[in-house]
Amino acid sequence: KKYNIAVVGASGAVGEELFRVLEEVKFPINDLLPLASANSAGIEVECQGNTYKIEELTESVFEGRDIDIAFFSAGGSISAHYAKYAVEAGAVVIDNTSHFRMDPDVPLVVPEVNPEDIELWEDTGIIANPNCSTIQMVQLLKPLHDLYGIKRVDVSTYQAVSGAGKAGMEELVRQMQDFFAFKLDESEVKAFAHKIALNVIPQIDTPQPNGYTKEEMKMVNETNKIMHTDFAVSATCVRVPVLRSHSESITVTFKEGVDVSVAEAREALDNFENVKVVDDLETHQYPMPIISTDTDYTYVGRIRKDIFAENILHMWGVADQVRVGAATNAVRIAQKWIKLQENI
Ligand code: 2RA
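Residues numbered from 1 in each chain as written. Predicted model: local features only at pLDDT ≥ 70, side-chain atom pairs only at ≥ 80, totals over all residues. Heavy atoms only, no water.

Attention now goes to the overall build of the chain. Along the chain, the regular secondary structure elements total eight helices and 14 strands. Rg of the C-alpha trace for the chain: 21 Å, near the compact-globule value of 20 Å for 344 residues, within the 12% margin. Across the 344 residues in the chain, those meeting the buried criterion constitute 52%. Of the contacts formed within the chain by residues at least 6 apart in sequence, a portion of 68% connects residues at least 24 apart. As displayed, the chain offers around 15,300 Å² of accessible surface, 51% of which is attributable to carbon and sulfur atoms. The distance from the centre of the 31 positive side-chain charges to the centre of the 52 negative ones in the chain is 3 Å. (Helix = DSSP H or I, 4+ residues; strand = E, 2+ residues; numbered from the N terminus. Rg over C-alpha atoms; globule rule 2.2 N^0.38 Å. Buried < 20%, exposed > 50% of the residue type's maximum accessible area, 1.4 Å probe, protein only. Contact = heavy atoms within 4.5 Å. Areas by Shrake-Rupley, 256 points an atom, 1.4 Å probe, with all protein chains shown as cover. Lys, Arg positive; Asp, Glu negative; His and termini not counted. Charge placed at Lys NZ, Arg CZ, Asp CG, Glu CD.)

Encoded structure:
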């Protein structure tokens, strides 16, 4: 069977990556409906050797098109308003935005971690994609939780500017060009102090009353919904001048009495779907954005036991934010959803 696909946000960073991933996995596409705002209408997109024209997203655009799957990645307010029209027209919505993630009736899915939750799609017609920084973290937590039982997770993230979309990537490139054009030395770089070039910014999204940011609370709240657990999570989310991959320093505290084995942990991670262990400090083997970018794997390294506590493990995870953190995760959900439909 082939499927009719809609992509809302077709001109954005995630939308463009979706077309690439759908082509790479040879997704069974019958027809493709790229959708965006009026000023992108008419732009042509390529997928699987076919050319499609972007159409304007309207409340009625889904009617009569027999859309099976509608990917949304055009911001929370667009999903909030338009997802229902896609569902009413008979599509399953796979939403990349944060809008539906914590809705108790909407499954929040990382296919390698909680694929069974995809079966819950029929309640609302919507399946939510977690936040990019959450996805790559739970892919590493799941095998370790199954092995030892997690009590608490502390994570610091080093997030690429692609998380802020095309505009975020363009801003970094422009600032780096400005910097080198002026050949500013380090002292003058302060002029960019509030910018991202040659800087790190310990804030992503809006401040919350508890002193955390909205991005940090996404990681705190989404992790336990996906894993069906209730352990403590604390996050510090930082924007760094990297284009497309998020890096994360993750400290996992297991239940009292666990004497964690690095070899066991490394094996559990290595055996986990779509995770690659790159871990040999002596030969400078560890995950870095230059390794992960444009790939669909979640890389993990610097795996080491805490110096002072038997039940604590530290690790470093890196993944391409546009792919693993959004487009590829969404396509993997769609692949499992069609298997579900075909098994019925
Ligand atoms: C970011 N995770 O990195 C957020 C949204 N993609 O900006």
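Across soluble globular proteins, nonpolar side chains show a tendency to be buried alongside one another. Membership of the largest hydrophobic core comes to 58 residues, with the highest contact counts inside it found for F62, F72, L141, I250, F254 and M315. Counting residues per element, this core draws most heavily on helix 3 (residues 132-148), which supplies seven residues. Contacts of F62, omitting those with residues within four sequence positions, involve A6, V8, L35, L57, I67, F72, Y82, Y85, A86 and A89. If you look at the next biggest cluster of nonpolar residues, it comprises 34 residues, including V14, F27, I29 and Y52. (Core = buried A, V, L, I, M, F, W, Y, C linked by side-chain atoms within 4.5 Å.)

Another aspect to go through is helix 3. Relative to the 24 Å expected for 17 residues at 1.5 Å per residue, helix 3 spans 25 Å between its end C-alpha atoms, a close match to the ideal helical length. Taken as a whole, helix 3 carries its principal kink of about 30° at L141; the proline P143 stands between one and four residues after it. Judged by how many residues are buried, helix 3 sits mostly within the fold: 13 of 17 residues are covered. At the exit of helix 3 stands G149, carrying a positive phi of roughly 85°. (Expected span 1.5 Å × (residues − 1). Bend = angle between axes of the 7 residues up to and from the residue.)

Moving on to the pairing of strand 1 (residues 3-8). Within strand 1, six of the six residues are buried, leaving the element largely enclosed by the surrounding structure. The alternating pattern of strand 1 places Y3, I5 and V7 and N4, A6 and V8 on opposite faces, both of which are buried. Pairing between strand 1 and strand 2 (residues 29-36): six bridges, direction parallel. Bridging across to strand 2, A6 finds its partner in L33. (Pairing = 2+ DSSP bridges.)

Another aspect to go through is the packing of aromatic side chains. As enumerated under the stated definition, the model contains seven aromatic pairs in all. Directly above the aromatic system of Y3 lies the positively charged group of K1, at a separation of 4.3 Å from the ring centroid. K276 extends its terminal NZ or CZ atom over the ring of Y297, reaching a point 4.2 Å from the ring centre. (Phe/Tyr/Trp six-rings, centres within 6.5 Å; stacked < 30°, edge-to-face > 60°. Lys NZ or Arg CZ within 6 Å of the ring centre and 35° of its normal.)

It is worth spelling out the UniProt feature "binding site: phosphate" (unreviewed entry) in the chain at this point. The positions UniProt marks with the feature "binding site: phosphate" (unreviewed entry) are R101. Topologically, R101 is positioned in the loop between strand 7 (92-95) and strand 8 (126-128). Apart from the residues within four sequence positions on either side, R101 is in contact with N96, V106, L108, A128, N129, P130, N131, K218, E222 and K225. Separated by 2.7 Å, the side chain of R101 and the backbone oxygen of N129 make a polar contact. (UniProt positions renumbered as here; feature names shortened; annotations may be inferred. Polar contact = N/O pair within 3.5 Å; in protein donor to acceptor, adjacent residues only side chain to side chain.)

Let us look at the environment of V8. Mapped onto the elements, V8 comes out in strand 1. Accessibility expressed as a relative area gives 1% for V8, which makes it buried. Sequence separation between V8 and I54 is 46 residues; the distance between their C-alpha atoms is 9.6 Å. Sequence-distant contacts of V8, that is, excluding residues within four places in its chain, are made with L35, L57, F62, F71, F72, S73, A74 and I78.

Overall, parallel pairing links the six strands, which are arranged 5-2-1-6-7-8 in an open sheet. Either end of the sheet is taken by a strand with one partner, and the two such strands are strand 5 (55-56) and strand 8.

In this section: the environment of E16. Looking at the element boundaries, E16 is found in helix 1 (residues 13-24). Sequence-wise, E16 and R266 are 250 residues apart; in three dimensions their C-alpha atoms are separated by 34 Å.

In the region of the ligand, the neighbouring residues are N131, C132, Q159, G163, A164, I204, E215, R239, H246 and Q321. Within the contact set of the ligand, a nitrogen atom lies 2.6 Å away from a side-chain nitrogen or oxygen of E215. When the free accessible area of the ligand is taken as 230 Å², the share hidden by the protein chains comes to 81%. Among the detected pockets, the ligand sits in the largest pocket. (Near = heavy atom within 4 Å. 1 Å grid on protein atoms, 1.4 Å probe; cavity = no way out; pocket = protein on both sides within 12 Å on 5 of 7 lines; lining within 4 Å. Sits in = over half its atoms within 2 Å of the grid points.)

A few words on the pattern of salt bridges. If you walk through the whole model with that rule in mind, you get 20 salt bridges. Across the pair D259 and K305 runs a salt bridge, and its minimum N-O distance is 2.2 Å. Of this pair, D259 sits in the loop between strand 11 (245-254) and helix 6 (262-270) while K305 sits in strand 13 (residues 298-305), and the two are 46 residues apart along the sequence. Looking at D259, the relative accessible area reads 48%, which means it is partly exposed. When salt bridges with common partners are traced through the structure, they connect E17, R20, E24, R244, D294, D296, D320 and R323 into a single cluster. (Salt bridge = Lys/Arg side-chain N within 4 Å of Asp/Glu carboxyl O.)

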